[in-house]
Every structure is written in C-alpha cells, then in structure tokens.
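Results of the structural survey
Residues per chain, in single letters:
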Amino acid sequence: SIIHATHLLQALRERYPDSHLAFLCFRSTRALVERLPQVDEVLTLDDSTYGRLLITVLRWLAHVWRHPYQLVIDLEVHSKFSTILSTLTCARSRAGFYLITTRFRQGIYTHLVYENRLRHTQEAYRQLGRALGLTVKVGQPLPPRLTQQERDEANAFLESEGADGKKLLIVNVNAGELCLERRWSPESFARVIEVFASRDDVLVVMTGAPSERDYTESVRRLIDASLRNRVANAAGLHTFGAFLALLERADAMLTNDSGPLHLATSFGTPTVSLWGPETPAA
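Criteria and thresholds
- Residues numbered from 1 in each chain as written.
- Predicted model: local features only at pLDDT ≥ 70, side-chain atom pairs only at ≥ 80, totals over all residues.
- Heavy atoms only, no water.
- Core = buried A, V, L, I, M, F, W, Y, C linked by side-chain atoms within 4.5 Å.
- Buried < 20%, exposed > 50% of the residue type's maximum accessible area, 1.4 Å probe, protein only.
- Helix = DSSP H or I, 4+ residues; strand = E, 2+ residues; numbered from the N terminus.
- Pairing = 2+ DSSP bridges.
- Axes fitted to C-alpha atoms, helices over the stretch in contact; angles between N-to-C directions.
- Contact = heavy atoms within 4.5 Å.
- Salt bridge = Lys/Arg side-chain N within 4 Å of Asp/Glu carboxyl O.
- Arc of directions from axis to C-beta.
- Polar contact = N/O pair within 3.5 Å; in protein donor to acceptor, adjacent residues only side chain to side chain.

Counting residues in each nonpolar core, the largest one holds 47 residues, and the members touching the most others are V39, L158, I170, V205 and L247. Tallying contributions element by element places helix 10 (residues 240–249) first for this core, with five residues.

This is the structure:
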C-alpha cells in the first residue's frame, strides 16, 4: 500500500512544493518510507510492546502539537487506531476512507472517500486525491531510492553465484504473515523453478525476509537434487536495500501476491504474480 501511495505523495509535493510532508508509520515499514523522495520526515511508532507504543504515541502527539499539521491523510481503511491518531492531531483538514466498518469517521474527517475493494488501490488513492483537489496519476509506482553501495552488494552476491551473462529470475514463495493462504503450494513452485534451473542461461534466486528463510529453504529442497545447486536461497542474507537492488536488477520475478510484487513493479521489473483468495483487480 505504501509503494502504491507514491503517486498521491507526488501529487501533494507538486501541488504544495514548499510544504513539509511527514509520514507516520510503524518500525516495520520505516526502511521503505525513508527511501521515498516525496517524504521529508519519517515518524515512527514502536509497536514491539504496548508500553513502547504508548510512549512513542505520546511523543509523536507532543511533536504534532508543537508543530501543527494543516492536513492529515489517513491511508488506513479499517483501523480505529489511525482514526484516533488523525483526530488527535487537531488538523484543520483530515482525509481518509470509509467502509461499513468505519462509518463513524463521518463527521470526524473533513474529506471522506468510499474505498471500493473491487478497484485497484491506486484508484482509491486517486479518488482521495480528487477530494483534496489533487490530480493523482495511476500506473507503475514510483521507485524507492537506492544507493550505489546497495547495488554493489547485490551485484557482488550475483557474481558469487555465477550470474555473469545469465538472465536473473527472482522467485518469492512467501506471503505476509497475516495472509499465509496466499502462498502457492511449495510443490508447484518447485516444479516451475526446475524448468528454469535446467537452463544454462538463467540464474534463479529465491528471496525472502530472515524469518522466511527456513520456509524458502524447505521449498528449495523440493527441487530435483541435480538442479538444486543452480538455485540460490538469498532469503535473509542481505540488507533491505540490497534486496531492492536485486528486484531492480532482475529480468523477471515470479511471486505470490505480496509486498515484493509491488516493489518489483515500481522498478519496472516484469512480474508473474499468483493470486488467491484475493482478486488481482484490487
């Protein structure tokens, strides 16, 4: 959702070039948000414990009340927590989405847009932008920033795996913890990977977070033993920036419906995505 919001952030930046655009997020998404060139300041809430969450919320509110916001945009759809935070800013203009579960936002937000779950997320952001008088584009998301050091880290890994002269296929067999049912079966992934691993002109690299390394390796073990050494498991081995650099470098990506799919899209990398139970239209 964050990477698909880049066109909305860009529209804000273009309409109000002298404004200060701050983005509030949890620690888990800070690494991505701080790479968005449209954002001036990243504010982080620590949700590792309830106590730390309370402390960081109070610190954030103190910061907001010292430096009042004129506009707050709530990108969450179902969250009552984000509604409370948006309201406590006392911003003159508060914009967000509503569904049956969040009708209580009527009268609290000054700009409300119905979130149609059958339309792409970017369409929802475009409608929210229209309500704010913005012209928001849709299409390939704007990519996050990368450093040359991060690209060098990715290139060094690929060189160690013998990628010279080969096409790079990135495979993501994982899905977010809140929706593991989106994962295609390990056996199906293994059979497809075997097809590409058997080619001398292709290097297959499996990616994932550190917590996903064991599951990624369990899928790699299902690959025929004669081809397994042609498939690298890079899950959890690199910095977030180097992981993004691998997506940027890839010739193609095979992935479940998950965050890496949309990150790869932002770099213009061709993707084949597997969907279920969600609809690819959204």
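Now, onward.
Before going further, it helps to spend a moment on the sheet that holds strand 4 (residues 93–98). Within a beta sheet, neighbouring strands are joined by backbone hydrogen bonds and run either parallel or antiparallel to one another. Pairing is parallel across the open sheet formed by three strands, whose spatial order is 3-4-5. Of all the strands in the sheet, just strand 3 (71–73) and strand 5 (111–114) have a single pairing partner and so form its edges. With strand direction ignored, the average angle separating the axes of adjacent strands in the sheet is 15°. Summarising the sheet, strand 4 and strand 5 pair through four bridges and their orientation is parallel. In the strand pairing of strand 5, Y98 is matched with Y114. Lying on the sheet, helix 5 (residues 121–131) is in contact with strand 3, strand 4 and strand 5; it crosses strand 4 at an angle near 145°.

Pairing in this open sheet of five strands is parallel, and the strands run 8-7-6-9-10 from one edge to the other. Sheet topology places strand 8 (231–233) and strand 10 (271–274) at the edges, where each strand pairs with a single neighbour. Averaged over all pairs of adjacent strands, the angle between their axes in this sheet comes to 15°, without regard to strand direction. For strand 9 (residues 252–256) and strand 10, the ladder comprises four bridges, and the chain directions are parallel. Directly across from N256, in strand 10, lies its bridge partner L274. Helix-sheet contacts for helix 8 (residues 213–220) involve strand 7 (202–206) and strand 8, and the interaxial angle to strand 8 is about 165°.

This part is about the pattern of salt bridges. Counting across every chain of the model gives 14 salt bridges. The salt bridge involving E34 is made with R30; its shortest N-O contact spans 3.4 Å. When its relative accessible area of 40% is taken as the criterion, E34 is described as partly exposed. R230 is the partner of D200 in a salt bridge, and the nearest nitrogen-oxygen pair spans 3.0 Å.

Every α-helix winds through 3.6 residues per turn, so residues three or four apart in the chain are directed the same way. Along helix 4 (residues 80–88), the residues classified as buried are S82, T83, L85 and S86. All buried residues of helix 4 project into a common sector of 165° when viewed along the axis, lining one side. Along its buried surface, helix 4 packs onto strand 1 (22–26), strand 2 (41–45), helix 3 (50–66), strand 3 and strand 4. Of the residues one or two after helix 4, C90 is the one with positive phi, at around 60°.

Here we come to the side chain of D74. Among the secondary structure elements, D74 is positioned in the loop between strand 3 and helix 4. Overall, D74 belongs to the buried group, its relative accessible area being 4%. At 3.0 Å, the side chain of D74 and the backbone nitrogen of E76 are in polar contact. Ignoring anything within four residues of it in the chain, the contact list for D74 reads S82, T83, S86, A95, G96, F97, R105 and Y109.

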